[in-house]
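The chain contents come next:
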Amino acid sequence: MTTPYKRIVLKLSGEALLGDCDYGIDPDYIKRIGAEIAELSRMQIEVAMVIGGGNIFRGAGLAAAGMDRVTADHMGMLATVLNSLAMQDALEQLGVNCRVMSAIRMNQVCEDYIRRRAVRHLQKGRVVIFAAGTGNPFVTTDSAASQRAVEIGADVMLKATRVDGVYDKDPERFEDAKKFSRITYDEVLLNGLAVMDATAIVMCRDHDLRLQVFNLNNPGDLLRAANGEHVGTVVERK
């Protein structure tokens, strides 16, 4: 089967792994996500992932509560490693070869992130999960996902959220929120839309990386987006 994308980066928030749980990881939900990723792999689409850590720790929130920001961010990075290992396990149980590559050195549990090695894993059909952000505090996992996507030459970044695209205001709070089918990066920045942080948006714009925002809670939307269908909102340079 011919697909429009050869290599994708999937960005998941840590909260996406909560499922019906209040904290941590919902095993049934992560298996459902893993099954869709496994299907992409069978379609010979090279899949890389970045998963946040908000279901366990959120560095910015801990810092707001009085914790040292650098310490809090390092804790958040470690939370992303936990989520990445959980996703790796779910994929391997489905027969998918997977590698977790961390920006923080922890050789006993995962590989160090090396760009050329990551690309080689993808070329061999392995799913690669980039953990620990960029390894630096004050940098979000959205920015890390954008950077990794540019570094490995991804064709598109698919950002999974709780809503079905980009809106002019929070659709969970405002019934009259307007959904955008397509929007430019400059419009996102100008209007301060909550898609990703500004650093991530600028990196996508400057490297002409296509971004597609969709609802992960709609089974099959990930497969449709990866097949080039217009699901959710497409963010482009112009």
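So, a few notes on the structure that sits alongside this text. (Residues numbered from 1 in each chain as written. Predicted model: local features only at pLDDT ≥ 70, side-chain atom pairs only at ≥ 80, totals over all residues. Heavy atoms only, no water.)

**Observations regarding the overall build of the protein**
Thinking step 1. Across its full length, the protein carries eight helices and 11 strands.
Thinking step 2. Against the globule reference of 18 Å for 238 residues, the protein gives a C-alpha radius of gyration of 17 Å, in line with a compact fold.
Thinking step 3. In terms of its C-alpha atoms, the protein occupies a principal-axis envelope of roughly 50 × 50 × 35 Å.
Thinking step 4. Burial status across the protein gives 49% buried among its 238 residues.
Thinking step 5. Taking the intrachain contacts of the protein between residues at least 6 apart in sequence as the baseline, contacts between residues at least 24 apart amount to 71%.
Thinking step 6. The average position of the 29 basic charges and that of the 31 acidic charges among the side chains of the protein differ by 7 Å. (Helix = DSSP H or I, 4+ residues; strand = E, 2+ residues; numbered from the N terminus. Rg over C-alpha atoms; globule rule 2.2 N^0.38 Å. Buried < 20%, exposed > 50% of the residue type's maximum accessible area, 1.4 Å probe, protein only. Contact = heavy atoms within 4.5 Å. Lys, Arg positive; Asp, Glu negative; His and termini not counted. Charge placed at Lys NZ, Arg CZ, Asp CG, Glu CD.)

**Overview of the sheet that holds strand E3 (residues 98–102)**
Through backbone hydrogen bonds, the strands of a sheet pair up, either in parallel or in antiparallel fashion.
Thinking step 1. Across the sheet, which stays open at both edges, the nine strands sit in the order E4-E3-E5-E2-E1-E6-E10-E11-E9 with mixed pairing between neighbours. The open sheet has two edge strands, strand E4 (111–112) and strand E9 (182–184), and neither has a second partner.
Thinking step 2. Examined bridge by bridge, E9 and strand E11 (residues 233–236) share three bridges and lie parallel to one another. Note on E11: the bridge partner recorded for Thr184 is Glu236.
Thinking step 3. Across the sheet, helix H5 (residues 141–152) touches strand E1 (7–12), strand E2 (46–51), strand E5 (127–131) and strand E6 (156–161), and the angle it forms with E1 is around 175 degrees. (Pairing = 2+ DSSP bridges. Axes fitted to C-alpha atoms, helices over the stretch in contact; angles between N-to-C directions.)

**Notes on the pattern of salt bridges**
Thinking step 1. Scanning the model with the defined rule gives 18 salt bridges in all.
Thinking step 2. Residue Asp142 pairs with Lys159 through a salt bridge whose shortest N-O separation is 3.2 Å. On the criterion of sequence distance, the pair formed by Asp142 in helix H5 and Lys159 in strand E6 is long-range, its members being 17 residues apart.
Thinking step 3. Assessed through its relative accessible area of 12%, Asp142 is described here as buried.
Thinking step 4. Here Lys159 falls in the buried class, since its relative accessible area comes to 9%.
Thinking step 5. The closest approach of N and O atoms between Asp206 and Arg205, which form a salt bridge, is 3.0 Å.
Thinking step 6. Exposure remark for Asp206: the relative accessible area of 43% places this residue in the partly exposed category.
Thinking step 7. Each of the salt bridges in this network shares a partner with another, and the network as a whole consists of Lys6, Arg7 and Glu46. (Salt bridge = Lys/Arg side-chain N within 4 Å of Asp/Glu carboxyl O.)

**Quick notes on the pairing of E11**
Thinking step 1. Looking at chain direction, strand E10 (residues 210–215) and E11 are connected through three bridges and run antiparallel. From the neighbouring strand, Leu211 faces E11, where its bridge partner is Val235.

**Points about the side chain of Glu36**
Thinking step 1. When you line up the elements, Glu36 lands in helix H1 (residues 27–42).
Thinking step 2. Take Glu36: its relative accessible area is 8%, and that puts it in the buried class.
Thinking step 3. Here the side chain of Glu36 touches Arg32 through a polar contact of 2.8 Å, side chain to side chain.
Thinking step 4. Contact partners of Glu36, with chain neighbours within four places excluded, come to Pro219, Gly220, Asp221, Leu222 and Leu223. (Polar contact = N/O pair within 3.5 Å; in protein donor to acceptor, adjacent residues only side chain to side chain.)

**Focus: the side chain of Glu46**
Thinking step 1. Inspection of the secondary structure assignment puts Glu46 in strand E2.
Thinking step 2. A residue is classified by how much of its surface remains accessible, and Glu46, at 8% relative accessible area, is buried.
Thinking step 3. A polar atom in the side chain of Glu46 sits 2.6 Å from the side chain of Arg7.
Thinking step 4. Sequence-distant contacts of Glu46, that is, excluding residues within four places in its chain, are made with Lys6, Arg7, Ile8, Leu122 and Gln123.

**Description of unusual backbone geometry**
Across residues other than glycine, the phi torsion is negative in most instances, and most of the peptide bonds are trans.
Thinking step 1. In this structure, Gln44 takes a positive phi of about 65 degrees despite not being glycine.
Thinking step 2. Examined against the element boundaries, Gln44 turns out to sit in the loop between H1 and E2.
Thinking step 3. Of the residues examined, Gln44 reaches a relative accessible area of 71% and is grouped as exposed.
Thinking step 4. Located in the positive-phi region is Phe138, a residue other than glycine, with phi close to 70 degrees.
Thinking step 5. Relative to the helices and strands, Phe138 is located in the loop between E5 and H5.

**Let's talk about the environment of Asn97**
Thinking step 1. Within the secondary structure, Asn97 is located in the loop between helix H3 (69–93) and E3.
Thinking step 2. Separated by 59 residues in the primary sequence, Asn97 and Ala38 place their C-alpha atoms 9.4 Å from one another.
Thinking step 3. Excluding its chain neighbours within four sequence positions, the residues that come into contact with Asn97 are Gly125, Arg126 and Val127.

**Quick notes on the state of the cysteines**
By definition, a disulfide links the sulfur atoms of two cysteines through a covalent bond.
Thinking step 1. Across all of its chains, the model carries zero disulfides by this definition.
Thinking step 2. We note that Cys98 lacks a disulfide partner, and the nearest cysteine sulfur, in Cys110, lies 11 Å from it.
Thinking step 3. Residue Cys98 is classed as buried on the basis of its relative accessible area of 1%.
Thinking step 4. Residue class for Cys110 comes out buried when judged on its relative accessible area of 9%. (Disulfide = S-S within 2.5 Å.)

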